[in-house]
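Per-entry structural report
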Amino acid sequence: MLLPTLVTCLAGCAFLLSPVSEGCGPGRGYGKRRSPRKLAPLAYKQFSPNVAEKTLGASGRYEGKITRNSERFKELTPNYNPDIIFKDEENTGADRLMTQRCKDKLNSLAISVMNLWPGVRLRVTEGWDEDGHHSEESLHYEGRAVDITTSDRDRNKYAMLARLAVEAGFDWVYYESKAHIHCSVKSDHSVAAKSGGCFPGEALVSLEDGRQKFIRDLRPGERVLTSSDSDGHGELVYSEVLTFLDRDPVTQKLFYTLHTEAGARLSLTAAHLLFVYEGNCSEGAAPGRGTLRTVYASDARPGQCVLVAEGKTGQRHDEGRLSRITRVTVRVSRGAFAPLTERGTLVVDGVVASCYAVVDQHSLAHWAFLPLRLMHSWTGAAGSQEDGVHWYSRLLHWLGGMLLDSGHFHPLGVAQADR
């Protein structure tokens, strides 16, 4: 049986790795700061990752040239970061225009440059190209690529500059020339689609004191409305938020929005799980035991029924009631959040949903997160976490990938690992 093996392995790994996640604060780390990881400069003509730029493993395919008159021009955003020098030899401001992902990575790299070489700033020699100076299908034409140097133009720094660009999260970095480093990123569309399981930051949860709160403002230790049973059934009760399995306030994500007959609208990413009732359902009825199953948000269809916490009149139910999905729409929104509660469920925007994603069974995911819940019950914490995917979720996916068939995972379930 793979499930007991998986849980046992994860339990051991969780307690072995939890001190690492706690950083240098008081506690198991005893205040000791780990030695910084030594960074290896890129070699001349080396690129990272070691695949072609416009492949799925790097920055992805070319999506077409963007001009000032095209509809896609609105995808570009100017970068006025004072810590970055833009050559802008055309004197048009074109080098400052780029996609949001490129901007985010470039700003991160600028900080690394100043930290490593005090008094030195990042310099961009080429950004968005509107004049056709690059090769056909260059990502410069989409604002997804930049050529960079340091402000002092010290070529002895460029090999390390390339490594810093990799660490900053650029999807492809190439020590292309003795005169510059070439960096590029995935399109914002592809990054939005390839996400784990999250809710948008403006989604609302209900607190025990009766207030509602944006999920982006939620904090571990607060108690939110959930279902009493981990399979979605049962009374609606309040349960403690243990941690965030993913927390990303910046990146754009693609969300599926489910509109229900009761008026509730739930938005969540493609790989997130929610409880549905198959077959004919009576609006406002309580589901029978064993009648619910979980599906990915991307597989939810009109006619299926989900569990809602309130009826059309706004009256709060004492347990989740069925309401039919009337339509499913798709939208892009910035920021994504995935809180984990003790119950493994939570009510978001009035709909009962799972806390889990990526794997195809809610019960399997709930069992797999048992070690993290145990660690919280024994230590009062589930491991400190910065923005990004929780260390335990990464561990779980790595171990699950070895023990479970790939068919158990959503094809768009896990984004490229944050670098």
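Scroll up to find the structure.
Residues numbered from 1 in each chain as written. Predicted model: local features only at pLDDT ≥ 70, side-chain atom pairs only at ≥ 80, totals over all residues. Heavy atoms only, no water.

Turning to the state of the cysteines, a few remarks are in order. Evaluated as defined, the whole model comprises one disulfide. One disulfide in the model links Cys-281 with Cys-305; its S-S distance is 1.7 Å. Of this pair, Cys-281 sits in the loop between strand S14 (272–277) and strand S15 (292–296) while Cys-305 sits in strand S16 (residues 305–310); the two residues are 24 residues apart in sequence, bridging distant segments of the chain. For the pair shown, Cys-281 and Cys-305 are each scored as buried. As a non-bridged cysteine, Cys-102 has Cys-183 as the owner of its nearest cysteine sulfur, 8.1 Å distant. (Disulfide = S-S within 2.5 Å. Helix = DSSP H or I, 4+ residues; strand = E, 2+ residues; numbered from the N terminus. Buried < 20%, exposed > 50% of the residue type's maximum accessible area, 1.4 Å probe, protein only.)

All right, on to the packing of helix H2 (residues 100–116) against helix H3 (residues 158–168) then. Contact pair H2 / H3: the axes reach a minimum separation of 9 Å and the direction vectors enclose 135°. With respect to each other, H2 and H3 are oriented oblique. Judged by the sense of rotation from one axis to the other, the crossing of H2 with H3 is right-handed. Along the contact surface, H2 presents Lys-105, Ser-108, Leu-109, Ser-112, Val-113 and Leu-116, while H3 presents Met-160, Leu-161, Leu-164, Ala-165 and Ala-168. (Axes fitted to C-alpha atoms, helices over the stretch in contact; angles between N-to-C directions. Parallel < 35°, antiparallel > 145°, perpendicular 65-115°, else oblique. Left-handed = near helix turned anticlockwise from the far one by under 90°. Contact = heavy atoms within 4.5 Å.)

Take the side chain of Thr-226 next. Looking at where Thr-226 falls in the secondary structure, it is placed in strand S11 (residues 223–227). Contact partners of Thr-226, with chain neighbours within four places excluded, come to Glu-235, Leu-236, Val-237, Tyr-238, Ser-239, Thr-341, Arg-343, Thr-345, Leu-346 and Val-347.

Moving on to H3. Summarising burial for H3: ten of the eleven residues are buried, a large majority. Those residues of H3 not exposed but buried are Tyr-158, Ala-159, Met-160, Leu-161, Ala-162, Arg-163, Leu-164, Ala-165, Val-166 and Ala-168. One or two positions beyond H3, positive phi appears at Gly-169, with a value near 110°.

Under the definition given, this model contains 17 salt bridges. One salt bridge connects Arg-144 with Glu-142, and the closest N-O pair in it is separated by 3.2 Å. By relative accessible area, which is 1% here, Glu-142 ends up buried. (Salt bridge = Lys/Arg side-chain N within 4 Å of Asp/Glu carboxyl O.)

Walk down a regular strand and you will see the side chains alternate between the two sheet faces. Strand S5 (residues 122–126) sits mainly inside the fold: five of its five residues count as buried. In this sheet, strand S6 (residues 145–150) lies alongside S5 in antiparallel orientation, the contact comprising four bridges. Opposite Glu-126, over in S6, you have Asp-147 as the bridge partner. (Pairing = 2+ DSSP bridges.)

This brings us to unusual backbone geometry. Note the cis peptide between Ser-48 and Pro-49, where omega equals 0°. Although it is not a glycine, Arg-153 adopts a positive phi angle of roughly 55°. When you line up the elements, Arg-153 lands in the loop between S6 and H3. Look at Arg-153 and you get exposed, because its relative accessible area is 54%.

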